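Chain by chain, the residues run as shown.
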Amino acid sequence: MKITNHTKKLTTITTVGLVSKPNDGTLCGYVHEIETALNKHGVTLLIEKKSAQLLGCGEGISFEHMCKASDFLISLGGDGTLISLCRKSFKYHKPVLGIHAGQLGFLTDIQTDEISDFIEELFVGNYRIDTRMMLEVSLHVNGKVEKVVAFNDIVLSRSKISHMSTIKAYVDGQLFNSYYGDGLIVSTPTGSTAYNLSAGGPVVYPLTEALIITPICPHSLSQRPLVLPVDFEIAFESDGDTVIVVDGQDTYTMNEIERVSVRIAKQGAELIHSLDRDYFEILKKKLHWGHL
Ligand SMILES: NC(=O)c1ccc[n+]([C@@H]2O[C@H](COP(=O)([O-])OP(=O)(O)OC[C@H]3O[C@@H](n4cnc5c(N)ncnc54)[C@H](O)[C@@H]3O)[C@@H](O)[C@H]2O)c1
Ligand SMILES: Nc1ncnc2c1ncn2[C@@H]1O[C@H](COP(=O)(O)OP(=O)(O)OP(=O)(O)O)[C@@H](O)[C@H]1O
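Model, not experiment: these values are computed from the prediction.

### So, the overall build of the protein
Looking only at helices and strands, the protein features seven helices and 18 strands. When burial is assessed residue by residue, the protein has 52% of its 292 residues classed as buried. Sequence separation of 24 or more characterises 68% of the internal contacts of the protein that already satisfy a separation of 6 or more. Surface accessibility of the protein: about 13,800 Å² in total, with carbon and sulfur atoms responsible for 52%. The positive charge centre, built from 27 side chains, and the negative charge centre, built from 34, are 3 Å apart in the protein.

### Focus: the packing of helix H1 (residues 28-39) against helix H5 (residues 115-123)
Contact geometry of H1 with H5 gives a least axis separation of 9 Å together with a crossing angle of 30 degrees. Of the possible angle classes, the one that applies to H1 and H5 is roughly parallel. Taken as a pair, H1 and H5 cross one another with a handedness that is right-handed. Judged by residue contacts, Tyr30, Glu33, Ile34, Ala37 and Leu38 of H1 engage Ile115, Ser116, Ile119, Glu120 and Phe123 from H5.

### Topic: the packing of aromatic side chains
Counted by the stated rule, this structure contains four aromatic pairs. Ring geometry for Phe106 and Tyr279: centres 6.2 Å apart, planes at 90 degrees, overall edge-to-face. Here the residue Phe106 occupies a position in the loop between strand S4 (96-100) and strand S5 (110-111), and Tyr279 occupies one in helix H7 (residues 279-287), the gap between them amounting to 173 residues. Among the aromatic side chains, those forming a connected cluster through ring pairs are Phe106, Tyr205, Tyr279 and Phe280. When the ring centre of Tyr127 is taken as origin, the NZ or CZ atom of Lys9, which lies over that ring, is 4.1 Å away.

### Brief notes about the side chain of Arg128
Among the secondary structure elements, Arg128 is positioned in strand S6 (residues 128-132). Under the relative-accessibility criterion, Arg128 is labelled buried at 13%. A distance of 3.4 Å separates the side chain of Arg128 from the backbone oxygen of Arg277, its partner in a polar contact.

### Description of the domain arrangement of the protein
Splitting the protein by domain gives domain 1 (4-132 + 268-287) and domain 2 (135-264). Taking only C-alpha atoms into account, the centre of domain 1 sits 29 Å from that of domain 2. Taken residue by residue, the interface counts 20 residues in domain 1 and 15 residues in domain 2. In total, domain 1 and domain 2 occlude about 1,400 Å² of area from one another, counting both sides; carbon and sulfur atoms represent 68% of this. It is Arg87, Arg132 and Tyr279 that lose the most area in domain 1 upon contact with domain 2, and together they represent 46% of the buried surface on that side. Scanning the region where domain 1 abuts domain 2 turns up two salt bridges. Taken together, domain 1 and domain 2 are joined by six residue pairs in polar contact (both at pLDDT 80 or more). For the side of domain 1 that touches domain 2, the elements supplying multiple residues, two or more each, are helix H4 (79-88), S6, strand S18 (269-273) and H7. A total of six residues in the side of domain 1 that touches domain 2 trace back to one element, the largest contributor, which is H4. Of the residues contributing to the side of domain 1 that touches domain 2, the split by class is 12 nonpolar, five polar and three charged.

What counts, and where the lines are drawn
One numbering rule holds for all chains: residues counted from 1, following each sequence as written. Note on labels: chains are lettered from A, ligands numbered from 1, in written order. Local features in this predicted model are restricted to residues of pLDDT 70 or higher, and side-chain atom pairs are both shown and tallied only at a pLDDT of 80 or more, whereas totals for entire chains, interfaces and linings draw on every residue. Side-chain calculation: all heavy atoms of the structure are included, whereas hydrogens and water are not. Here a helix means four or more residues in a row that DSSP labels H or I, a strand means two or more in a row labelled E, and each is numbered from the N terminus. Each residue's exposure class comes from its accessible area (1.4 Å probe, protein chains only) as a fraction of the maximum for that residue type: buried when under 20%, exposed when over 50%, partly exposed otherwise. Throughout, a residue-residue contact means that at least one pair of heavy atoms, one from each residue, lies within 4.5 Å. Residue exposure ignores everything except the shown protein chains as possible cover, and the areas themselves are Shrake-Rupley values with a 1.4 Å probe. In this tally, Lys and Arg are treated as positive and Asp and Glu as negative; His is ignored, and so are the chain termini. Working definition for charges: the position is that of NZ of Lys, CZ of Arg, CG of Asp or CD of Glu. Inter-axis angles, ranging from 0 to 180 degrees, are taken between N-to-C directions of lines fitted to C-alpha atoms, where helices are fitted over the stretch in contact. Angles below 35 degrees are treated as roughly parallel, those above 145 as roughly antiparallel, those between 65 and 115 as roughly perpendicular, and all remaining angles as oblique. In this scheme, a crossing is called left-handed if the near helix is turned counterclockwise away from the far one by less than a right angle; it is called right-handed if the turn is clockwise. Only centres within 6.5 Å qualify two rings of Phe, Tyr or Trp (six-membered ring in Trp) as a pair; their planes then separate them into stacked at under 30 degrees, edge-to-face at over 60, and tilted for everything else. Any Lys NZ or Arg CZ that is within 6 Å of a ring centre and within 35 degrees of that ring's normal is treated as a charge sitting over the ring. In protein, a polar contact means a hydrogen-donor-capable atom and an acceptor-capable atom, both N or O and within 3.5 Å, with residues adjacent in sequence counting only if both atoms are side-chain atoms; elsewhere, any N or O pair within 3.5 Å suffices. Where each domain begins and ends is defined by an automated method or by a domain database. The term buried area refers to how much accessible surface (probe radius 1.4 Å) is lost by two components on association, counted for both of them together. What counts as a salt bridge is simple: a side-chain nitrogen of Lys or Arg found within 4 Å of a carboxyl oxygen of Asp or Glu. Throughout this entry, Asp, Glu, Lys and Arg are counted as charged residues, while Ala, Val, Leu, Ile, Met, Phe, Trp, Tyr, Cys and Pro are counted as nonpolar. The remaining residues, Gly among them, count as polar.

Quick look at the structure:
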């Protein structure tokens, strides 16, 4: 399969940063294994402060310092840890390697028993880097704009279990739909296998460039998931009973926000993968794709 997105390589590897799952203090053994494998090649491992303290692996250094000094970053945890690292390190533009020490691990393809072998493969160039599109989300408040980025999705959701939300949706400034129901999801292709999948949205191959809008429990027979090209800017307005959730991790209330606009971010997240990684195998293994 010809995928032009796979040509990027790391130019140097002298320093690597690591962030681990925030609620698991048992992963120190894996950190030592990573450090030993990197040190064999003269590479320094920097551990982010909160992770180091949780794991009992020394003092650690600030997230910012770690990102600036590192050639690539390691996420040791589940999908949530990787998503959070991609969002927080967005402005430093560093590739991320996901090592799976979580539950599902759809995005984190290196298993803990493959750590040393994969690090050896890295030093002989046996890896690939995928660029995953991200969303730039602008929250408009009193003439000011706060920008955040999303890796998987943003969700506009009803804030009260007892009420429906009403969301007006615009494409390039033109009203194209009003959604009535529990809310809607704007997903990246990578996020298509997360909340979007649960809400009946399409699985979209992660290297596609598209914006996916999927209604959540719409109170209508006519609302369907929609796939849009990335040169559109989409925007939403709603009443105060709606909340905005970014990647399931940050929440904002709509009564302070007049409008939310979403477009493709100028740069994507770069994920380091093993050459063996096959998306359809992961769909089968983790989400039971194609099982009877
Ligand atoms: N009903 C739902 O399915 C539902 C509800 C809320 C949030 N979410 C998703 O959770 C995501 C955040 O993930 P988290 O791990 O921080 O939260 P989490 O710990 O609540 O886990 C959500 C689940 O989704 C999986 N997941 C996350 N991203 C995925 C992806 N791109 N493809 C396949 N599976 C994926 C995770 O491994 C986990 O099993 C949000 O972006 C949202 O899409 C899903
Ligand atoms: N830096 C972070 N800040 C806040 N919450 C985080 C951060 N990193 C991860 N989380 C959250 O911590 C929880 C557990 O982490 P994570 O998702 O990595 O592990 P998991 O749930 O065991 O694995 P998986 O997501 O693969 O099923 C998730 O809800 C995730 O969103």
